[in-house]
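# Secondary and tertiary structure notes
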Amino acid sequence: MSEYVLDFYSIIKTLWKKKLSIIGFVFLCVVISIIYSYSVQKVYKSEASFFVNSQNKASSSLMGYASVLGLNTPSNLENLIKNVLNSESMKIQLADRFKDKFKNQVQNAIKAGIIQDTSDHVATYVISLLGLRTQLSIQITKDNLFRLSYVSNDPQFCKDILDQFLALIMEFNDNLELSAEKNIITLVDPPRVPIDHFKPNKKMNVILAFGSSLIFACLFVLVLPGIKDLIKVLKE
């Protein structure tokens with residue numbers, strides 16, 4: 001027992017001896033995290049939630065459309081709509097509504113030979129610019145509540161994307177008769193322009209910088225004598 005007490009005492013003694021170095025390293029890391037948090041581009045997140053009104057099975061037209069898209073065709077309407085919303089066709093139609101926003105970037109990409117001047121290549125390029133595969137999230141809860149979210153450095157654009165996405169759902173219902181219900185969805189939380197940014201989280205960044213740098217500095221101080229001894233042995 002006395003050996004453990006002695007070891008613990010020696011650890012505390014070593015850390016106290018190097019306290020200024022530890023404090024300096026931690027302070028530097030915290031300052032860097034603060035500078036990073038204020039200099040990095042802000043990211044905003046808009047969310048919306050809705051549920052499907054109809055509890056009936058999916059219509060034959062929707063089943064046929066999903067089959068054309070190469071999607072699984074479960075009889076449950078909510079799951080089938082989720083598959084359609086995640087489809088490439090849905091992304092292409094959404095991208096088509098925002099292609100004018102990226103008109104100059106598309107033209108420059110064509111001139112530079114990055115993409116070909118075809119509708120498919122342009123659509124794929126706009127989808128990548130919008131980040132529809134990474135920045136747009138579609139989830140469905142156990143209670144069949146749909147949750148949509150989109151992140152961007154433009155707060156207004158976050159809302160616009162979700163507004164157009166919800167509009168596409170209504171258009172799909174009108175064109176393909178997804179459900180006998182006229183209003184296929186009921187919005188629980190409509191898209192809103194985010195007031196505050198989603199990232200960076202300044203408080204969390206400072207806490208992580210403080211904690212991780214403190215642990216690293218303490219461990220480094222404790223193993224440094226062993227590293228020096230190992231170097232001496234290798235030189236001999």
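See the structure shown above.
Described in the following lines is the structure provided in the data block.

Calculation rules
Residues numbered from 1 in each chain as written. Predicted model: local features only at pLDDT ≥ 70, side-chain atom pairs only at ≥ 80, totals over all residues. Heavy atoms only, no water. Salt bridge = Lys/Arg side-chain N within 4 Å of Asp/Glu carboxyl O. Buried < 20%, exposed > 50% of the residue type's maximum accessible area, 1.4 Å probe, protein only. Helix = DSSP H or I, 4+ residues; strand = E, 2+ residues; numbered from the N terminus. 1 Å grid on protein atoms, 1.4 Å probe; cavity = no way out; pocket = protein on both sides within 12 Å on 5 of 7 lines; lining within 4 Å. Points joined across faces, edges and corners; volume = space filled by probe spheres on them. Nonpolar A, V, L, I, M, F, W, Y, C, P; charged D, E, K, R; others polar. Core = buried A, V, L, I, M, F, W, Y, C linked by side-chain atoms within 4.5 Å. Contact = heavy atoms within 4.5 Å. Patch = residues over 30% accessible without salt bridge, like charges linked within 9 Å, V, L, I, M, F, W, Y side chains within 5 Å. Areas by Shrake-Rupley, 256 points an atom, 1.4 Å probe, with all protein chains shown as cover. Lys, Arg positive; Asp, Glu negative; His and termini not counted. Charge placed at Lys NZ, Arg CZ, Asp CG, Glu CD. Pairing = 2+ DSSP bridges. Phe/Tyr/Trp six-rings, centres within 6.5 Å; stacked < 30°, edge-to-face > 60°. Lys NZ or Arg CZ within 6 Å of the ring centre and 35° of its normal. Axes fitted to C-alpha atoms, helices over the stretch in contact; angles between N-to-C directions.

This brings us to the pattern of salt bridges. Tallying each qualifying case throughout the model produces five salt bridges. Here D96 and K99 are joined by a salt bridge, their closest N and O atoms 3.1 Å apart. Residue D96 is classed as partly exposed on the basis of its relative accessible area of 44%. For K159, the salt bridge is made with D163, and the minimal N-O distance between the two is 2.6 Å. With K159 and D163 both in helix 8 (residues 155–176) and four residues apart, the pair spans about one turn of that helix. What makes K159 partly exposed here is its relative accessible area of 23%.

The subject of this paragraph is the layout of surface pockets. The space that makes up the largest pocket amounts to roughly 270 Å³. T14, K18, F220, V221 and L224 are the residues nearest the centre of the largest pocket, which is lined by 14 residues in total. The element best represented in the lining of the largest pocket is helix 9 (residues 202–235), accounting for seven residues. Classifying every residue of the lining of the largest pocket gives eight nonpolar, two polar and four charged.

With that out of the way, let us pick up the nonpolar core. Within the largest apolar cluster, 37 residues are counted, with the highest numbers of intra-cluster contacts made by F50, L85, L94, L130, Y150, F165 and I169. A total of nine residues in this core trace back to one element, the largest contributor, which is helix 8. Among residues more than four places away in sequence, those in contact with F165 are L85, M90, L94, L136, I138 and L148. If you look at the next biggest cluster of nonpolar residues, it comprises six residues, including L15, V26, V30 and V221.

What follows is about a positive patch on the surface. A cluster of basic residues, K13, K17, K18, K228 and K232, forms a positive patch on the protein surface. Where the positive patch is concerned, the elements lending two or more residues are helix 1 (2–17) and helix 9. Its place among the elements puts K17 in helix 1.

In this sheet, strand 3 (residues 145–152) lies alongside strand 1 (residues 44–52) in antiparallel orientation, the contact comprising eight bridges. Within the sheet, the bridge partner assigned to K45 lies in strand 3 and is V151. Of the pairings in the sheet, the one linking strand 1 to strand 4 (residues 185–189) comprises four bridges and is antiparallel in character. Bridge pairing in strand 4 links S49 to D189.

Counted by the stated rule, this structure contains five aromatic pairs. Ring geometry for F25 and F216: centres 5.7 Å apart, planes at 35°, overall tilted. Highlighted residues: F25 in helix 2 (residues 19–39) and F216 in helix 9, separated in sequence by 191 residues. Residue F25 is classed as partly exposed on the basis of its relative accessible area, which comes to 30%. Aromatic pair F216 and F220: ring centres 6.2 Å apart, planes at 15°, arrangement stacked. A residue pair is termed a helical-turn pair when its members lie 3 or 4 positions apart in one helix, as F216 and F220 do in helix 9 at four residues. Joined through ring pairs, the aromatic side chains of F25, F216 and F220 make up one cluster. Taking NZ or CZ as reference, K19 lies 4.4 Å from the ring centre of W16, over its face. Directly above the ring of Y38 sits K202, whose terminal nitrogen or CZ lies 4.9 Å from the centroid.

The sheet built from four strands is open, its strands ordered 2-3-1-4 with antiparallel pairing. For this open sheet the edge positions go to strand 2 (136–140) and strand 4, each flanked by a neighbour on one side alone. Shown here is a sheet whose adjacent strand axes are inclined to one another by a mean of 25°, direction ignored.

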